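Single-letter residue listing:
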Amino acid sequence: ISRGNNSRPFTVVVEGNVGSGKTTFLEHFNKNENVAVFAEPIDMWRNCSGYNLLDLMYKDPKKWSFTFQSYVQLTMLGLHQKKIHQPVKLMERSLYSARYCFVEKMSRDGLMPPASVAVIDEWFKYITATDEAQIDLIVYLRTSPDIAYERILKRNRSEEKTVAFEYIKALHDIHEDWLYNKTLHNCKAPVIVLNADLDRSVIEEEYEKYEPHILNKKPIEVKI
Ligand SMILES: Cc1cc2cn([C@H]3C[C@H](O)[C@@H](CO)O3)c(=O)nc2[nH]1
């Protein structure tokens, strides 16, 4: 694992279900001047040449999943490539969760036909064969699906009002296979698992426990 070098910052991606507390996590590290924080480019997804692709996708996933995930892949690549001055780059989600979690889910649900998945996958393989989207560490905000769902309802994001608990449960299981059970795709970067069920009032302590690793001050013991 290349731990960042002078041409590339130490790149950390925070992954987790919808409602797992990623924004709270980003806000905590945004205070650190050594970290350049990039939230999900959701505003781009809401306005691609005037089209709200996120809304279209939730309203008619069969018709718009490919269009939406194709644009997600482009916008995430843009963030992976963004040059920064700080030594650490922290991104909300990544090209990897786009492919391994969301495209995976839409493919399993038959919302994205195999030919469309194949095209997304060809772009994904082409991009990841370059060094344009390398990552050094994954922080997995691990939540129970019911707690994640509760937060989604509370946050009440307009496009998500149709999101069912079953979708959140299935997305949880895919994240678990990818980042916890490690049975879905090989995950080259080390993974730090945080207990993201913790309430906001105590979760800062959980962040601080791993701050040295996230700031590239302390290597992760990779269990052989
Ligand atoms: C990389 C990636 C992020 C991402 C988010 N989403 C959805 C989940 C949430 O409702 C919203 C913001 O994360 O977008 C998606 O459908 N596909 C995605 N792919």
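Residues numbered from 1 in each chain as written. Predicted model: local features only at pLDDT ≥ 70, side-chain atom pairs only at ≥ 80, totals over all residues. Heavy atoms only, no water.

Student: For this particular structure, what's the right way to read the overall build of the chain?
Tutor: A count of helices and strands for the chain gives nine helices and five strands. What you see in the chain, going N to C, is helices and strands ordered as β-α-β-α-α-α-β-α-α-β-α-α-β-α. Relative to its length of 224 residues, the chain is compact, with a C-alpha radius of gyration of 17 Å against a globular reference of 17 Å. For the chain, the spread of C-alpha atoms along the three principal axes comes to 45 × 40 × 40 Å. Taken across its 224 residues, the chain has 50% of its residues classed as buried. Within the structure as shown, the chain displays about 11,500 Å² of accessible surface, and the carbon and sulfur contribution to it stands at 54%. A gap of 2 Å separates the mean positions of the 30 positive and 31 negative side-chain charges of the chain. (Helix = DSSP H or I, 4+ residues; strand = E, 2+ residues; numbered from the N terminus. Rg over C-alpha atoms; globule rule 2.2 N^0.38 Å. Buried < 20%, exposed > 50% of the residue type's maximum accessible area, 1.4 Å probe, protein only. Areas by Shrake-Rupley, 256 points an atom, 1.4 Å probe, with all protein chains shown as cover. Lys, Arg positive; Asp, Glu negative; His and termini not counted. Charge placed at Lys NZ, Arg CZ, Asp CG, Glu CD.)

Student: Quick question: what am I supposed to make of the site of the ligand here?
Tutor: Residues in close proximity to the ligand total 16 residues, the closest being Glu40, Tyr58, Gln69, Arg93 and Glu160. At 2.6 Å from an oxygen atom of the ligand is found a side-chain nitrogen or oxygen belonging to Tyr58. Alone, the ligand offers 420 Å² of accessible surface; in the complex the protein occludes 99% of this. Taken together, the elements giving at least two residues each to the shell around the ligand come down to α2 (42-46), α3 (53-59), α4 (61-81) and α5 (95-108). (Near = heavy atom within 4 Å. Polar contact = N/O pair within 3.5 Å; in protein donor to acceptor, adjacent residues only side chain to side chain.)

Student: I'm lost on the packing of aromatic side chains in this one. Help?
Tutor: Geometrically, a pair of aromatic rings is defined through the distance of the ring centres and the angle of the planes. Under the counting rule described, the total for this entry stands at eight aromatic pairs. Each ring, one from Phe29 and one from Tyr207, has its centre 6.4 Å from the other, and the planes form 45°; the classification is tilted. With Phe29 in helix α1 (residues 22-30) and Tyr207 in helix α9 (residues 200-214), this pair connects stretches of sequence that are 178 residues apart. Classification of Tyr207 as buried rests on a relative accessible area of 1%. (Phe/Tyr/Trp six-rings, centres within 6.5 Å; stacked < 30°, edge-to-face > 60°.)

Student: Would you mind going over the nonpolar core with me for this structure?
Tutor: Soluble globular proteins tend to pack their nonpolar side chains together in the buried interior. The biggest cluster of nonpolar side chains holds 50 residues, and the ones touching the most others in it are Trp45, Leu95, Tyr96, Ile138, Ile168 and Trp178. Leave out the neighbours within four places in its chain, and Trp178 touches Glu15, Tyr96, Ser97, Tyr100, Cys101, Ile138, Leu184 and Cys187. Of all hydrophobic cores here, the second largest spans 20 residues; its members include Val12, Phe29, Leu137 and Val139. (Core = buried A, V, L, I, M, F, W, Y, C linked by side-chain atoms within 4.5 Å. Contact = heavy atoms within 4.5 Å.)

Student: Where do I start with the pairing of strand β4 (residues 137-142) in this structure?
Tutor: On a regular strand, each side chain points to the face opposite its neighbour's, so the side chains alternate between the two faces of the sheet. Judged by how many residues are buried, β4 sits mostly within the fold: five of six residues are covered. Here five bridges tie strand β1 (residues 10-16) to β4, and the two strands are oriented parallel to one another. Looking across to β4, one finds that Glu15 is bridged to Tyr140. (Pairing = 2+ DSSP bridges.)

Student: Is there a simple way to explain the packing of α5 against helix α6 (residues 114-128) in this structure?
Tutor: For any two helices packed against each other, one specifies the inter-axial angle together with the distance between the axes. The contact between α5 and α6 brings their axes to 11 Å, and the two run at 165°. Considering the angle they form, α5 stands roughly antiparallel to α6. At the point where α5 passes α6, the crossing takes the left-handed sense. Here Leu95, Tyr96, Arg99, Tyr100, Val103 and Ser107 of α5 lie close against α6, whose contacting residues are Val117, Ile120, Asp121, Phe124, Ile127 and Thr128. In terms of residue class, the contact of α5 with α6 is built from eight nonpolar, two polar and two charged. (Axes fitted to C-alpha atoms, helices over the stretch in contact; angles between N-to-C directions. Parallel < 35°, antiparallel > 145°, perpendicular 65-115°, else oblique. Left-handed = near helix turned anticlockwise from the far one by under 90°. Nonpolar A, V, L, I, M, F, W, Y, C, P; charged D, E, K, R; others polar.)

Student: What is the right way to look at the packing of α1 against α9 in this model?
Tutor: Close contact between α1 and α9 brings their axes to 11 Å; oriented N to C, the two are set at 60°. What the angle tells us is that α1 and α9 run oblique. Of the two possible hands of crossing, α1 and α9 adopt the one that is right-handed. The segment α1 lies against α9, with Thr24, Phe25, Glu27, His28 and Phe29 engaging Arg200, Glu204, Tyr207, Glu208, Glu211 and Ile214. Of the residues in the contact of α1 with α9, the class split is four nonpolar, two polar and five charged.

Student: Would you take a moment to explain the environment of Arg151 for this structure?
Tutor: Its place among the elements puts Arg151 in helix α7 (residues 145-155). A sequence separation of 62 residues divides Arg151 from Lys89, and the C-alpha atoms of the two residues are 27 Å apart. Those residues within four positions of Arg151 in sequence are excluded, and the remaining contacts are Gly19, Ser20, Gly21, Thr143, Ala196, Asp197 and Leu198.

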